[in-house]
Amino acid sequence: MSVAPVSVPAPIGKRSRSAQVKDGAFRAVLLFSVAVGFVLLGWLLVTVVRKGLPYLDSILFTNVNSTNPDRAGARPAILGTIYLMVLVLLMAVPIGVGTALYLEEYADRNRWYNRALEINIQNLAAVPSIVYGLLGLAFVARGVLHLGFVLLTGAIILTLLALPILIVSSREAIRAVPDSIRQGAYALGATQWQVIWRQVLPAAIPGIATGSILALARAIGETAPLLLLGALIFVPFDPGLFSHFTALPVQIYQWIQLPQSEFRGLAAAAIVVLLGLLLILNAGAIWLRNRYQRRW
Amino acid sequence: MATRTADLTQPIRLQADRRRWGEDVVKGVLALCAVLSLATTVGIVVALVLPSIEFFRDVSPAKFYGGTEWSPLFLDKHFGVLPLVSATLVVTAIACLVCMPLGLGVAIYLSEYARPRVRATLKPALEVLAGIPTVVYGFFALITLTPFLKTLGVNVGIFNMLAAGLVIGVLLIPTVASISEDAMAAVPQDLRDGAYGLGSSRLQVSTRIVVPAAISGIVASYVLAISRAIGETMVVVIVAGGVANLTADPREGALTMTGFIAQTGIGDVPTGSIEYKTIFAVALTLFAMTFVMNLIAIRLVRKYREIYE
């Protein structure tokens, strides 16, 4: 070590005691950093489950919201979230994969507009979600599209929110397909689209599917933009595409805001449902990855 | 091969016989998809700027950005945004105190200490932290963390910026860790081997070789974390409180920029009203702050990629 005088060479393979202590302390600090997140995660899950379990009954799934905590349920909110999920998936996947294909397979990276497009997508991924809510308020609920505060408005905005994440993961999946596959297809006379449609896309689908599910999970947990799109509302019916709507995270927020402790319990129960839904999505993504992903 | 007789005196044409219009159509459709993301950005800017221009016709920018009193919804209206900005910065600062050291620690552990199998399980597990909806973190901060801080002897109010900042800090750990770790993974192994060859310990290699070499990526992750913390909404809406309050004391509650937007935007705000315009002026300020930071982060990430890859 540097502290040892030059005339007395330090024995090779052994470090000074103080260096060993320092190394050990550093390792402990690092492990502490890793542990903090998991401790909080565990604490959070235990809290939510303990508070929510007494309220996790069939009423939660069958009833609409009510000022009486014994009869309050989250059926419209749960259905709203499921419908949003399906709509976001239907809109975001084709557009997201299309964008990823354009950027990976067609775009000439030396062109300034393609680079601008890339930076733009990276920036969109980090725009605060509430700003998307304002975009929806100005142009989708009112303004150009003028759809009003309906389910479709929420779905469009969540789609825009999910897109940057979906594009990034789809690009990675497409980039992972080795060039030799493309070259082989070209050599046999395939056109560019034939190469993409019959070779690249099938090979990239596991990665794209995994990324799509994870992007969807992100979008489903979003609350702030939906608040601005009129989702904080009493919905006594099953939502439709052009009806007023609410969603699970918004319902959770509404219950948290109420003073009675029963509603806190209901909020916790709804959180359990939401986390369960996200768990299913994530498990699906992991299963897909393990089952179908190939390494070249 | 030889069995087929071909007229080899003529050159073989390799071009397609006819132009395939379908190819162009497909390319056009895909480019259209890509343009949608550009339209989103333009839409955001236009949506924010137009009402803000109207707002600044009624309220001078000097009063908005220099004023210390915020009461746009009262009869006696004041439009000084500084209390909102200060609350946002206090929450962000606390979050940074949590996520920056811890996120860096996690990144160093994953990159320099963890065995491959440990890393393979830890990384996705950490992502779970980032995948939990922020409304859930808000619930946790209100129901559990704030009472816990009280039992620790910290004199916090029911609504306080401290719990909000702490929770946001934890949920940003994966953001900092994953970008920093990417940058550390891009540091060439030769640099490490050289240092180990000279007798360095793992601590020395981590802190004197890997961290300096990956610094642009680490800074990028920090900048991005600041941007995320500024834009985080649900946690502050639930626990940071709903009253504008110019204070640096994190134990007090205060309304942040995102908190104001969410709180005021929940009702069906009539287009063109002063409340409506105020929301957009605050949002434009928020967007500008995060936009600058996102661009810095994107540029820094590109930098380390250019150096090592």
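Quantities reported herein were computed from a predicted structural model and do not represent experimental measurements.

Criteria and cut-off values
Residues numbered from 1 in each chain as written. Chains lettered and ligands numbered in written order. Predicted model: local features only at pLDDT ≥ 70, side-chain atom pairs only at ≥ 80, totals over all residues. Helix = DSSP H or I, 4+ residues; strand = E, 2+ residues; numbered from the N terminus. Rg over C-alpha atoms; globule rule 2.2 N^0.38 Å. Buried ≥ 20, exposed ≤ 12 C-beta atoms within 10 Å, placed from the backbone. Contact = placed C-beta atoms within 7 Å. Axes fitted to C-alpha atoms, helices over the stretch in contact; angles between N-to-C directions. Parallel < 35°, antiparallel > 145°, perpendicular 65-115°, else oblique. Left-handed = near helix turned anticlockwise from the far one by under 90°. Nonpolar A, V, L, I, M, F, W, Y, C, P; charged D, E, K, R; others polar. Domains from an automatic or database assignment. Expected span 1.5 Å × (residues − 1). Bend = angle between axes of the 7 residues up to and from the residue.

A. Quick look at the overall build of chain B. For chain B, the count of helices and strands is 12 helices and 0 strands. In sequence order, the secondary structure elements of chain B are arranged as α-α-α-α-α-α-α-α-α-α-α-α. Taking 19 Å as the expected radius of gyration for a compact globule of 309 residues, we find that chain B reaches 26 Å, considerably beyond that expectation. The buried share of chain B, reckoned over its 309 residues, is 49%. Residue pairs at least 24 apart in sequence account for 74% of intrachain contacts in chain B once pairs closer than 6 positions are excluded.

B. Region of the structure containing the packing of helix α5 (residues 134–151) of chain B against helix α6 (residues 161–185) of chain B. Residue and element names in this part refer to chain B. Relative orientation of the contacting elements α5 and α6 amounts to 130°, with a least axis distance of 9 Å. One way to sum up the angle between α5 and α6 is to call them oblique. α6 is crossed by α5, and the crossing has right-handed handedness. Side by side, α5 and α6 meet where Thr 134, Tyr 137, Phe 140, Ala 141, Leu 145, Thr 146 and Leu 149 of the first sit next to Leu 162, Ala 163, Ala 164, Leu 166, Val 167 and Leu 171 of the second. For the contact of α5 with α6, a count of residues per class yields 11 nonpolar, 2 polar and no charged.

C. Region of the structure containing helix α11 (residues 257–265) of chain B. With 7 of its 9 residues buried, α11 of chain B lies for the most part within the structure. Along α11 of chain B, the residues classified as buried are Met 257, Thr 258, Gly 259, Phe 260, Ile 261, Ala 262 and Gly 265 of chain B.

D. Spotlight on the environment of Asn 245 of chain B. Residue and element names in this part refer to chain B. Residue placement: Asn 245 occurs in the loop between α10 (234–239) and α11. The exposure class of Asn 245 is partly exposed, given the 19 C-beta atoms found within 10 Å. Counting along the chain gives 162 residues from Asn 245 to Pro 83, while the straight-line C-alpha distance between them is 5.7 Å. Residue contacts for Asn 245: discarding those within four places in its chain leaves Pro 83, Ala 87, Glu 252, Gly 253, Ala 254 and Leu 255.

E. Layout of the domain arrangement of chain A. Residues and elements named next belong to chain A. When cut into domains, chain A gives domain 1 (17–55) and domain 2 (58–292). Taking only C-alpha atoms into account, the centre of domain 1 sits 30 Å from that of domain 2. At the interface, 6 residues of domain 1 touch 8 residues of domain 2. Split into classes, the residues belonging to the side of domain 1 that touches domain 2 amount to 4 nonpolar, 1 polar and 1 charged.

F. Here's a closer look at the environment of Val 211 of chain B. Residues and elements named next belong to chain B. Residue placement: Val 211 occurs in helix α8 (residues 202–213). When the C-alpha positions of Val 211 and Ile 132 are compared, they lie 29 Å apart, and in sequence the two are 79 residues distant. When sequence neighbours within four positions are dropped, the list of residues in contact with Val 211 reads Ser 206 and Ile 218.

G. Focus on the interface of chain B and chain A. With 66 residues of chain B in contact, the opposing surface of chain A contributes 66 residues. The element best represented in the side of chain B that touches chain A is helix α1 (residues 21–58) of chain B, accounting for 18 residues. Residues that form the side of chain B that touches chain A fall into these classes: 43 nonpolar, 17 polar and 6 charged.

H. Fine view of unusual backbone geometry. All names here are of chain A. Of note, His 146 is a non-glycine position whose phi angle comes to about 50°, a positive value. Within the fold, His 146 resides in the loop between α5 (129–141) and α6 (151–175). On the basis of neighbour counts, which here come to 10 C-beta atoms within 10 Å, the residue His 146 falls in the exposed class.

I. Spatial organisation of α5 of chain B. In this model, α5 of chain B (18 residues) spans 24 Å end to end at C-alpha, consistent with the 26 Å of a helix rising 1.5 Å per residue. Of all the bends in α5 of chain B, the largest measures some 40° and sits at Ala 141 of chain B. Those residues of α5 of chain B that fall on the buried side of the exposure criterion are Thr 134, Val 135, Val 136, Tyr 137, Gly 138, Phe 139, Phe 140, Ala 141, Leu 142, Ile 143, Leu 145 and Thr 146 of chain B. The secondary structure elements touched by the buried residues of α5 of chain B are α1 (17–52), α10 (248–257) and α11 (261–292) of chain A together with α6 and α10 of chain B. Directly after α5 of chain B, the chain includes Gly 153 of chain B, whose backbone phi takes a positive value near 95°.

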